[in-house]
Amino acid sequence: MGITVKILVTGGAGYIGSHVVKALGEKGYDVVVYDNLSYGHEWAVLYGKLIKGDLSDSELLSVVFKSERFDAVMHFAAFVVVDESVREPIKYYRNNFVNTLNLIEACIKYNVKRFIFSSSAAVYGIPEKIPVTEDAPLLPVNPYGSSKAMVEQVLKDITVSSDFRYVSLRYFNVAGADPLSRIGQYRADATHLITVSLRTALGKRDHLDIFGTDYDTPDGTCIRDYIHVDDLSDAHILALEYLSSEGRSVIYNCGYGYGYSVREVVEKVKKVTGVDFPVRPVGRRIGDPPALIANSSRLKQELGWKPKYNDLEYIIKTALEWEKKVSRLN
Ligand code: UFG
């Protein structure tokens, strides 16, 4: 391990955060999770200590920063549902932007100079060129994407006059679960395609809606680049090691560089589960870009990222095992 040892993970009890906490713990990092448990769960924190708190609470943040003395911060805590952000933009700007300012302010005040930010492919909006590279213009088409792009702007501005350094990781469609089914996505109101499809296959829902079949794509449905959450976790560890070795601030796309249409994902879920569940084409979902595929060459070349689970079937299988476990518990 490098010189960085104690890491604050905001949102570390949530879906992606908890998988990164697992990876950090396995590597021997000292982890402190800060999570308001609005969507996170205590059981999901496999390593380190959990502090229940909200990022709007600057006083608590100060207390935590003062007593723990972090070497780096990883910031996951955010709302993530694109169409909800269209309906409730202020909710998204407040939590994803304003609260992030509180966190960054605490970092500056308490001299924490390394920051890893959970950004999103949503910052690109509807990219002109696909696969999209990091230097494509940021033209988000929904408040969720805008809130992430605004934080990236703040991070960039801070580095101009200080030695604060960050890595911004722009996630594409994160999916799958821990292969040992200890953690996974856990939201009764989940909206993500693979989760919703699996719940339909398991009989928890009567059918799956396909949001839009008239896009300018080969089968008319949207195309996404699905990345296994453990490969994404590895990218965070590499980013942390990179910042520990005094690397400059940088932005990386995180995806496999291959896209599947909604119909292709549905077919794969049917194959993996062996269930031919009902599917209903409906109108487009507001705020959905037609296709998002990553060019992740920079992450591979500069940080040596080697994805291990670039296989949609594997991603779906790990998510299926998790969903089965969840349905046994509920
Ligand atoms: N979809 C359906 N039916 C469903 C659910 C989803 O047809 O029941 C479609 C969506 O319309 C979209 C695709 O499946 O075309 C993927 O949708 P998800 O909701 O799984 O994911 P999104 O692409 O909307 O968003 C996800 C994350 C965002 C992130 C984005 C980046 O939720 O945080 O990936 O690509 F910004």
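Residues numbered from 1 in each chain as written. Predicted model: local features only at pLDDT ≥ 70, side-chain atom pairs only at ≥ 80, totals over all residues. Heavy atoms only, no water.

**Thoughts on the sheet that holds strand 12 (residues 260-261)**
Pairing between sheet strands relies on hydrogen bonds along the backbone, with the strands arranged either parallel or antiparallel. Across the sheet, which stays open at both edges, the three strands sit in the order 12-9-14 with mixed pairing between neighbours. The open sheet is flanked by strand 12 and strand 14 (291-292), the only strands paired with a single partner. As judged from the two bridges shared by strand 9 (residues 223-224) and strand 14, these two strands associate in the parallel manner. If you follow arginine 224 over to strand 14, its bridge partner there is leucine 292. (Pairing = 2+ DSSP bridges. Helix = DSSP H or I, 4+ residues; strand = E, 2+ residues; numbered from the N terminus.)

**A look at the packing of aromatic side chains**
Working definition: an aromatic ring pair is given by the centre-to-centre distance plus the angle between the planes. Tallied over the entire structure, the rule returns 13 aromatic pairs. Arranged with centres 5.2 Å apart and planes meeting at 85°, the rings of tryptophan 43 and tyrosine 186 form a pair that is edge-to-face. Taken together, the residues tryptophan 43 in the loop between strand 2 (30-35) and strand 3 (49-52) and tyrosine 186 in the loop between strand 7 (173-175) and helix 6 (193-201) connect sequence positions 143 residues apart. Plain terms: the ring middles of tyrosine 258 and tyrosine 260 are 5.0 Å apart, the flat faces sit at 70° to each other, and that makes the pair edge-to-face. Looking at tyrosine 258, the relative accessible area reads 48%, which means it is partly exposed. One Lys or Arg, arginine 187, reaches over the ring of tyrosine 39 and ends 3.8 Å from the middle of that ring. Geometry around tyrosine 215 places arginine 284 over its ring, the cationic atom sitting 4.0 Å from the centre. (Phe/Tyr/Trp six-rings, centres within 6.5 Å; stacked < 30°, edge-to-face > 60°. Buried < 20%, exposed > 50% of the residue type's maximum accessible area, 1.4 Å probe, protein only. Lys NZ or Arg CZ within 6 Å of the ring centre and 35° of its normal.)

**Some words on the pairing of strand 2**
The buried fraction of strand 2 amounts to five of the six residues, a majority that puts the element mostly inside the structure. In this sheet, strand 2 lies alongside strand 1 (residues 6-10) in parallel orientation, the contact comprising five bridges. Looking across to strand 2, one finds that leucine 8 is bridged to valine 32. In this sheet, strand 3 lies alongside strand 2 in parallel orientation, the contact comprising four bridges.

**Quick word on the packing of helix 8 (residues 262-273) against helix 10 (residues 312-329)**
In the contact formed by helix 8 and helix 10, the axes pass within 10 Å of each other and the chain directions differ by 60°. Judged on the interaxial angle alone, helix 10 and helix 8 are oblique. With respect to the hand of their crossing, helix 8 and helix 10 are arranged in right-handed fashion. Facing Val265, Lys268, Val269, Lys271, Val272 and Thr273 of helix 8, the residues of helix 10 in contact are Leu312, Glu313, Ile316, Lys317 and Leu320. Considered class by class, the residues forming the contact of helix 8 with helix 10 number six nonpolar, one polar and four charged. (Axes fitted to C-alpha atoms, helices over the stretch in contact; angles between N-to-C directions. Parallel < 35°, antiparallel > 145°, perpendicular 65-115°, else oblique. Left-handed = near helix turned anticlockwise from the far one by under 90°. Contact = heavy atoms within 4.5 Å. Nonpolar A, V, L, I, M, F, W, Y, C, P; charged D, E, K, R; others polar.)

Honestly, that's just the spatial picture; any functional story needs more than this.
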